[in-house]
Amino acid sequence: MNNKTNSITTEHLDIAYDEALIVKALDMNIPHGKITSIIGPNGCGKSTVLKAIGRILKPKSGMVYLSGEDIRQLSTKDIAKKMAILPQTPTAPSGLTVSELVAYGRFPHQRGFGKLTPEDKKIVQWALSVTKLTEFEHREVDTLSGGQRQRVWIAMALAQQTDLILLDEPTTYLDLAHQLEVLELLYDLNRRQNCTIAMVLHDLNLAARFSDYMIAIRGGSIIKHGNPGEVMTAEVLSDAFSIDAQIVHEPRTGRPVCLTYDLLRTQALPITEEAVAV
């Protein structure tokens, strides 16, 4: 296996918690240099897949390749140099400043006692600048808004100097403005830094708006993958979420939008003479 065109490739991936099989025979590609969103109903295996490809969770069977290399053969430090992972609700030690947390991103590159080199400090300042956090670098992370804290975690990921960032629900608990703030930052990083981004998102319209590629999952299996126009269809959303969706195209971006939806309901059975006679 030597596929350099995809940052992440899985082959026949089975993932289980104890004996419960959550993901079954998953073959998935996350394209290099693109923004990929993984969508699907609660409990379908979205976050489980993200943990497996980030080597947080050990698969039951199957393979995960990172830039063509078997992820099992890579050291934790080597993986951290290639891939940054942000969980759904990251927490920082109390009292830590913004610049101190961002500096944690340099850990995979440090040697000896881990003292920051001039090069490390330069990269930390770059990450703060790119994420528009320079004015907050001496503030404690706990004092920031939710959107600002999320930007700090993204800055820490950037300080790792990786080409791939995995994010599990980066907009969770954020209001509408801060959701846009975070996703516009990720979009800008992708376009300016050629950073490959893969994330789990619940909001279908935000996923379609900011993604180049989407993967719809249900029951641990891929229902559909492709560009937003191919995935954000009434048929796919019916299969994935059991909803009857009306899809339109947003006039400013031309991207598909789920305008409204209803639950899919099974048709009522006709009343028979036998039923009436009972």
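Let us look at the structure shown here. (Residues numbered from 1 in each chain as written. Predicted model: local features only at pLDDT ≥ 70, side-chain atom pairs only at ≥ 80, totals over all residues. Heavy atoms only, no water.)

Turning our eyes to something else, we now look at the overall build of the chain. Scanning the chain from N- to C-terminus turns up 10 helices and 12 strands. Along the three orthogonal principal directions, the C-alpha set of the chain runs to about 85 × 40 × 35 Å. Residues classed as buried in the chain amount to 47% of the 278 residues present. Summarising the internal contacts of the chain: among those between residues at least 6 apart in sequence, 63% fall at separations of at least 24. Across the chain, the 29 positively charged side chains and the 32 negatively charged ones have centroids separated by 8 Å. (Helix = DSSP H or I, 4+ residues; strand = E, 2+ residues; numbered from the N terminus. Buried < 20%, exposed > 50% of the residue type's maximum accessible area, 1.4 Å probe, protein only. Contact = heavy atoms within 4.5 Å. Lys, Arg positive; Asp, Glu negative; His and termini not counted. Charge placed at Lys NZ, Arg CZ, Asp CG, Glu CD.)

Let us now look at the packing of helix α5 (residues 146-159) against helix α6 (residues 176-193). Viewed as axis vectors pointing N to C, α5 and α6 meet at an angle of 20°, and their least axial separation amounts to 9 Å. Relative to α6, α5 is oriented roughly parallel. As for how α5 packs across α6, the hand of that crossing is right-handed. Across the interface between the two elements, Gly147, Gln148, Gln150, Arg151, Ile154 and Leu158 from α5 touch His178, Glu181, Val182, Leu185, Leu186 and Leu189 from α6. A per-class count over the contact of α5 with α6 returns 6 nonpolar, 4 polar and 2 charged. (Axes fitted to C-alpha atoms, helices over the stretch in contact; angles between N-to-C directions. Parallel < 35°, antiparallel > 145°, perpendicular 65-115°, else oblique. Left-handed = near helix turned anticlockwise from the far one by under 90°. Nonpolar A, V, L, I, M, F, W, Y, C, P; charged D, E, K, R; others polar.)

Here His12, not a glycine, exhibits a phi torsion of approximately 50°, which is positive. With a phi angle near 50°, Glu169 is a residue other than glycine that sits in the positive phi range.

Further remarks concern the packing of helix α4 (residues 118-130) against α5. Running from amino to carboxyl end, α4 crosses α5 at an angle of 140°, the nearest separation of the two axes being 9 Å. By the criterion of interaxial angle, the relationship of α4 to α5 is oblique. As α4 packs across α5, the resulting crossing turns out to be right-handed. Within the contact between the two elements, α4 uses Ile123, Trp126, Ala127 and Val130 and α5 uses Ala155, Leu158 and Ala159. For the contact of α4 with α5, the class distribution of residues is 7 nonpolar, no polar and no charged.

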